[in-house]
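# Fold and geometry: a report
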Amino acid sequence: NTVIKCKAAIAWEPKKPLSIEEVEVAPPKAHEVRIKIVATGICRTDEHVISGAMTTPFPILLGHEAAGVVESIGAGVTSVRPGDKVIPLFAPQCGECRSCRSSKGSLCIKNDLAAPCGLITDGTTRFTCRGKPVHHFLTTSTFTEYTVVDESAVVKIDAAAPLEKVCLISCGFSTGYGAAVRTAQVEPGSTCAVFGLGGVGLSTVMGCKAAGASRIIAVDINKDKFAKAKMLGATDFVNPQDYKKPVQEVLVEMTGGEGVDYSFEVIGHTETMMAALASCHMSCGTSVMVGVPPSASQITLDPMLLFTGRTWKGSVFGGWKSKESVPKLVADYMGNNINLDALITHTMPFDRINEGFDLLNQGKRLNSLFINLVCKYFPLNYPPNIEIGTYMQ
Ligand code: PAD
Ligand code: ZN
Ligand code: ZN
């Protein structure tokens, strides 16, 4: 067990492109696992750190949606062995804390989400670049050829699983899908509204469909997202910019004055969190917050919105208990029960990771340029290495 020198994308400071550098990755200590990352996606949460919407320490090694192979293990590790295919868990499952023991909660105390400190286990980091320690992101850090995680933040998956696809189960797919099937527990015949049709929101559409919702209203300011939402089960489409009145009034009118049974905010803005809440039925409606709230943001609300009986819930990683659920979700993919391929729009080599972030941001701003921009992979040393543009239409 020695230090590994490899390539990684470092964020030295906010609002700057990532920098591909040589980093030193220390060996795993007791109860830690060093993973060779094979494929990683970009999630909006990574961009939240670069844009400054999510506050973390710098320099930091971002990325949290990935799949790889165990390279080595520290003392006391029992659940994985070198050579195992694994998925890192940005929402760990230690199995011992109150959330892990509860049948209701799922966010383990070992998470580094609510107030990120960027350190693992013993309060240090395993990455060094140009002689400086580099922080971990969300107990994972995957924009690197090798990473080190706590044993609670990694799980073994099917040895036959294609890593360049199932890496989506590491965040985007499971988060969106679980928000519908686990957190909200959408019922057959219900009416749902999904605000935001990125990789996570489209997965929420899939979850609503799988749960038997009869009406799924897709809401996005980028109308180019509607075609894929329709393919995945959305039945109605609303671009808030097409209306003078607030989107919640549009949705309430579309549902005969009642509001939807379940609404999901999958963007990460406080205004759309409020709009989603007000869009659901005043007494039996449930609204789920999936988008990450900007750091230090506040919401002021009319308490009557909740007093009448609405339920407002948050959902991290789809409410799944990660270690026990991720291998089952991989099995679902292997059994053709879930569609991950629809979420892949671009695959490109790791060196071009900044272009991936540009694409993510252009998907938001230049509506007509990139159709179906959802999620991108950066296979590291892993064929097939499809060039950028293959999936662009
Ligand atoms: P994305 O940027 O790919 O998609 C966001 C979508 O929202 C885009 O299609 C936008 O066009 C659309 N949008 C933006 N503003 C508005 C608006 N005002 N009204 C309607 N639509 C709008 O992001 P993503 O799918 O990767 O992630 C979505 C959010 O989920 C983001 O905040 C991310 O940080 C969060 C997330 N949460 C978890 C979790 O565990 N809760 C996990 C992963 C991602
Ligand atoms: Zn994510
Ligand atoms: Zn725990």
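Residues take numbers from 1 onward in each chain, read along the sequence in its written order. To label them, take the chains in the order written and letter them from A, then take the ligands in the order written and number them from 1. Predicted model: local features are reported for residues with pLDDT of at least 70 only, side-chain atom pairs are reported and counted for 80 or more only, and whole-chain, interface and lining totals are derived from all residues. The side-chain figures draw on all heavy atoms in the structure; neither hydrogens nor water molecules are used.

### Details of the coordination of the zinc ion (ligand 2)
For the zinc ion (ligand 2), the protein coordination sphere consists of C43 (SG), H64 (NE2) and C171 (SG), at 2.0 to 2.3 Å. Excluding water, the donors of a metal are its N, O and S neighbours within 2.8 Å, or within 3.2 Å for Na, K and Ca, and that exclusion means sites may look incomplete. Linear spacing of the donor residues for the zinc ion (ligand 2) on their chain is C-x20-H-x106-C. Pair noted here: C43 is in the loop between β3 (32–41) and α1 (44–51) and H64 is in the loop between β4 (60–61) and β5 (65–73), with a separation of 21 residues, a long-range link. H64 matches C43 in its accessibility class, with the two residues each being buried. The numbering of helices and of strands both runs from the N terminus, where a helix is a DSSP run of H or I of at least 4 residues and a strand a run of E of at least 2. Relative accessibility decides the category of a residue: with a 1.4 Å probe and only protein chains considered, values under 20% of the type maximum give buried, values over 50% give exposed, and everything between is partly exposed.

### Thoughts on the site of ligand 1
Looking at ligand 1, there are 28 residues lining it, with R44, T45, D220, I267 and V290 nearest. At 3.1 Å, a backbone N or O of V200 approaches an oxygen atom of ligand 1. The contact in question runs from an oxygen atom of ligand 1 to an N or O atom on the backbone of F317, over 2.9 Å. At the level of secondary structure, the elements contributing two or more residues to the shell around ligand 1 comprise α1 and α5 (199–210). Put simply, a residue is near a molecule or strand once any heavy atom of it comes within 4 Å of that molecule or strand. Each polar contact in these results corresponds to two N or O atoms within 3.5 Å; when the atoms are within protein, one needs to be able to donate a hydrogen and the other to accept it, and residues that are neighboring in sequence are counted only if both atoms are side-chain atoms.

### Looking at the coordination of the zinc ion (ligand 3)
Around the zinc ion (ligand 3), the protein contributes the donor atoms C94 (SG), C97 (SG), C100 (SG) and C108 (SG), at 2.3 to 2.4 Å from the metal centre. In short, tetrahedral needs four donors with all angles between 85 and 135 degrees, square planar needs four and octahedral six donors with opposite donors over 155 degrees apart and all other angles between 65 and 115, and whatever is left is irregular. Between the 4 donor atoms coordinating the zinc ion (ligand 3), the angles at the centre fall across 103 to 117 degrees, so the site counts as tetrahedral. Taken in sequence order, the residues that donate to the zinc ion (ligand 3) follow the motif C-x2-C-x2-C-x7-C. Given the relative accessible area of 9%, C97 is considered buried.

### Topic: the pattern of salt bridges
Only one rule defines a salt bridge in this text: a Lys or Arg side-chain nitrogen within 4 Å of an Asp or Glu carboxyl oxygen. Counting across every chain of the model gives 13 salt bridges. In this structure, E13 engages K16 in a salt bridge whose closest nitrogen and oxygen atoms are separated by 3.3 Å. Look at E13 and you get partly exposed, because its relative accessible area is 40%. Taking the relative accessible area as the measure of exposure, K16 reaches 42% and is therefore partly exposed.

### Looking at the nonpolar core
In this structure, F143, V166, I169, F173, V186 and F264 are the most contacted members of the largest nonpolar core, which totals 84 residues. The contact criterion used is simple: two residues touch if any of their non-hydrogen atoms lie within 4.5 Å. With residues near it in sequence (within four places) discarded, F264 still touches A179, A180, A184, V186, C192, A193, V194, F195, T204, C208 and V288. Ranked by size, the runner-up nonpolar core spans 12 residues in total, among them I217, V238, L251 and A276. In these notes, a set of buried Ala, Val, Leu, Ile, Met, Phe, Trp, Tyr and Cys residues joined through side-chain atoms within 4.5 Å is what counts as a nonpolar core.

### Some remarks on the sheet that holds strand β1 (residues 4–10)
Criterion used throughout: strands pair if DSSP finds at least two bridges between them. If you trace the 5 strands from one edge of the open sheet to the other, you get β1-β2-β7-β8-β4, paired in mixed fashion. Of all strands in the sheet, those with a lone pairing partner are β1 and β4, marking the two edges. In terms of strand pairing, strand β2 (residues 19–25) meets strand β7 (residues 127–129) through 2 bridges, oriented antiparallel. From the neighbouring strand, E24 faces β7, where its bridge partner is T128.

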